[in-house]
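Letter by letter, the chains look like this.
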Amino acid sequence: MKKTVTKLVGVLIALALVIGLSGSLVVTKENEYKLIREFGRVSRVIDTAGVSMKIPFIQSADTLPKEILLYDLAASDVITMDKKTMLTDSYVLWRITDPLKFAQTLNSSVPNAERRIDTVVYNSIKNVISSMSQNDVISGRDGELSEAIMKNIDGNMDQYGIQLLSVETKRLDLPADNKAAVYERMISERDKIAATYTAEGQSEAKVIQNTTDREIAISISDAQAEAARTTAAGEAEYMRILAEAYNTPERAEFYEFTRALDAAKASLTGSNNTLILPADSPIAGIFMGR
């Protein structure tokens, strides 16, 4: 009987040791923080992966996420600077950067943090969009709007040990009741802008065409004048050469003879090969040797 009691006591002691040892081990993963609390107060923060110790029954361990978290905001209406209502649906990427500050201000609660993020981000979206026209909001979907929202938030979440990495817009749309009217107005405005650009382009094209036509006319006129001067110079040179070639009586007489032959040849056309000249004709005088 005594041996049985001894064995039972030994088993109980061993069980107590196992329970105490298991209660003193803290296993921290790569994607989490461990907060060691002593009587409810955070005594230390474990931010590296591994196994550490705590005092059983006196200290407890809370777990906080270390990875990037996503919070999806509810879709809500916002009003632009030109008093147009728009529907925005966004999400936030965030993470805990200071687990101690997070525990002190938000009681280590992720839902508490999400409620705070919801308020801050929605107010920032509302403030940014209220300072922009509807056209600017629509054209800012490729990054400008997100950048402006983040700049407006600035470091407001640092006091909670939170870092907002990005605010992205999933959907930015018009309310269904006025969507068609707004689209028609935007199309009309774009058509007016396009018509203005077209008119300006046509006006510029007309100016270029008139300038080109004037330059072409001047070039043709200059070319014709130059051609006339060249022709006149050529004829003058031709006459000079003729005068120089027939500057003696014998050459002049031969020139007159050849000219007479050319004139007679020109008069013999068709089948008529007879040349009749009056006696007092200069050509007859040349042929008769007068």
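Position labels on residues start from 1 in each chain and follow its written sequence. Only residues with pLDDT of at least 70 get local features here, since the model is predicted, and only at 80 or more are side-chain atom pairs given and counted; chain-wide, interface and lining totals rely on the full set of residues. As a convention, hydrogens and water are excluded, and side-chain values are obtained from all of the structure's heavy atoms.

If you look the protein up in an unreviewed UniProt entry, it shows as Protein HflC from Hungatella hathewayi WAL-18680. UniProt positions are given in the numbering used here, feature names are shortened, and annotations may be inferred rather than shown by experiment. In its Function (unreviewed entry) section, the UniProt record describing the protein reads: "HflC and HflK could regulate a protease." In UniProt, the protein has this text filed under Subcellular location (unreviewed entry): "Membrane".

Student: Explain unusual backbone geometry here, please?
Tutor: Most peptide bonds take the trans form, and the phi angle of most residues other than glycine is negative. A positive phi angle is found at S108, which is not glycine, with a value near 60°. Along the chain, the position of S108 falls in the loop between α2 (99-106) and α3 (110-130). Using a relative accessible area of 17% as the deciding quantity, one classes S108 as buried. Although it is not a glycine, D154 adopts a positive phi angle of roughly 55°. Helix and strand assignments follow DSSP, with helices taken as H or I runs no shorter than four residues and strands as E runs no shorter than two, numbered in order from the N terminus. For D154, the position within the fold is in the loop between α5 (144-153) and β9 (162-173). The exposed category is assigned to D154, whose relative accessible area is 68%. Three labels apply to residues, based on accessible area from a 1.4 Å probe with only protein chains included: buried if under 20% of the type maximum, exposed if over 50%, partly exposed otherwise in between.

Student: Help me understand the pairing of strand β3 (residues 41-46) in this model?
Tutor: Moving residue by residue along a regular strand, the side chains alternate between the two faces of the sheet. Strand pairing is assigned whenever DSSP detects at least two bridges linking the two strands. Where strand β2 (residues 32-38) lies against β3, five bridges are found, and the strand directions are antiparallel. Bridge pairing links I36 to R44 in β3. Following β2, the chain reverses through two residues before pairing antiparallel with β3; F39 in that reversal takes a positive phi of roughly 55°.

Student: It is not clear to me how the environment of K29 should be interpreted in this structure. Could you clarify?
Tutor: As for its position among the elements, K29 is in the loop between β1 (25-28) and β2. Looking at K29, the relative accessible area reads 53%, which means it is exposed. In sequence terms K29 and T48 are 19 residues apart; their C-alpha atoms lie 7.7 Å from each other.

Student: Could you clarify how one ought to interpret the sheet that holds strand β5 (residues 59-65) in this entry?
Tutor: Taking strand neighbours across the sheet as the criterion, the three strands line up as β3-β2-β5 in an open arrangement whose pairing is antiparallel. Looking at strand neighbours, the two that pair on one side only are β3 and β5, the edges of this open sheet. Shown here is a sheet whose adjacent strand axes are inclined to one another by a mean of 30°, direction ignored. Lines fitted to the C-alpha atoms define the axes, with helices restricted to the stretch that makes contact. Angles between their N-to-C directions range from 0 to 180 degrees.

Student: Can you help me understand empty space enclosed by the protein in this one?
Tutor: Where empty space is left in the structure can be found by rolling a water-sized probe over the atoms. Grid points spaced at 1 Å over the protein atoms alone were grouped into cavities, where a 1.4 Å probe fits but cannot get out, and pockets, open sets with protein on both sides within 12 Å along at least five of seven lines, with lining residues defined by an atom within 4 Å of a point. Grid points are joined across faces, edges and corners, and a volume is the space filled by probe spheres set on the points. Summed over the entire model, instances satisfying the criterion amount to one cavity of 30 Å³ or more. Within this model, the largest cavity holds a volume of roughly 30 Å³. Every residue along the wall of the largest cavity is listed here: L73, A74, S76, T88, D89, S90, Y122 and I125. Only β8 (85-96) and α3 provide two or more residues apiece to the lining of the largest cavity. Tallying contributions element by element places β8 first for the lining of the largest cavity, with three residues. Each residue is assigned to one class: nonpolar for Ala, Val, Leu, Ile, Met, Phe, Trp, Tyr, Cys and Pro, charged for Asp, Glu, Lys and Arg, and polar for all the others, Gly among them. In the lining of the largest cavity, the residues fall into four nonpolar, three polar and one charged.

Student: Teacher, can you tell me more about the nonpolar core here?
Tutor: Generally speaking, soluble globular proteins have nonpolar side chains that are buried together. We call a set of buried residues a nonpolar core when its members are Ala, Val, Leu, Ile, Met, Phe, Trp, Tyr or Cys and they connect through side-chain atoms within 4.5 Å of each other. If you look at the biggest cluster of nonpolar residues, it comprises 34 residues, and the most contacted ones within it are V92, W94, F102, I117, V121, I162 and L164. Contributing elements (two or more residues each) for this core: β2, β6 (69-72), β8, α2, α3, α5 and β9. The greatest single-element share of this core, amounting to seven residues, is contributed by α3. These domain boundaries are the output of an automatic or database domain assignment. A domain split of this core shows at least three residues from each of domain 1 (19-64) and domain 2 (67-174).

Student: Please explain α2 as it appears in this structure.
Tutor: An α-helical turn contains 3.6 residues, so any two residues separated by three or four positions project in the same direction. Those residues of α2 that sit buried are P99, F102, A103 and L106. For α2, the angular spread of buried residues about the axis comes to 105°, placing them on one side. Packed against the buried residues of α2 are β2, β3, β5, β8, α3 and β9. In the stretch just after α2, N107 is the one whose phi turns positive, near 60°. The reported arc concerns the directions from the helix axis to the C-beta atoms and nothing else. Whether two residues are in contact is decided by their heavy atoms, any of which lying within 4.5 Å being enough.

Student: Just checking my understanding: could you explain the packing of α3 against α5 for this structure?
Tutor: Helices that pack against each other are described as a pair by the angle of their axes relative to one another and the distance between those axes. In the contact formed by α3 and α5, the axes pass within 9 Å of each other and the chain directions differ by 120°. Classified by the angle between their axes, α3 and α5 sit oblique to one another. α5 is crossed by α3, and the crossing has right-handed handedness. Between α3 and α5, the contacting residues are V120, V121, S124, I125, N127, V128 and I129 on the first element and L145, A148, I149, N152 and I153 on the second. Of the residues that constitute the contact of α3 with α5, the class distribution is nine nonpolar, three polar and no charged. Oblique is the label for any angle not under 35 degrees, not over 145, and not in the 65 to 115 range, which are roughly parallel, roughly antiparallel and roughly perpendicular in turn. Each helix crossing is assigned a hand: it is left-handed if the near helix lies turned anticlockwise from the far helix by less than a right angle, otherwise right-handed if that turn is clockwise.

Student: Looking at this model, I keep getting lost on the environment of P56. Mind explaining?
Tutor: With respect to the element layout, P56 can be found in the loop between β4 (50-53) and β5. Note: C-alpha distance between P56 and S24 (32 residues apart in sequence) is 5.0 Å.

Student: Help me out: how do you make sense of the pairing of β1 in this one?
Tutor: Of the two faces of β1, the one lined by V26 and T28 is fully buried and the one lined by L25 and V27 carries no buried residue. Sheet topology note: the β1/β4 ladder contains four bridges and is antiparallel. Residue pairing for β4: V26 is matched across the bridge by S52.

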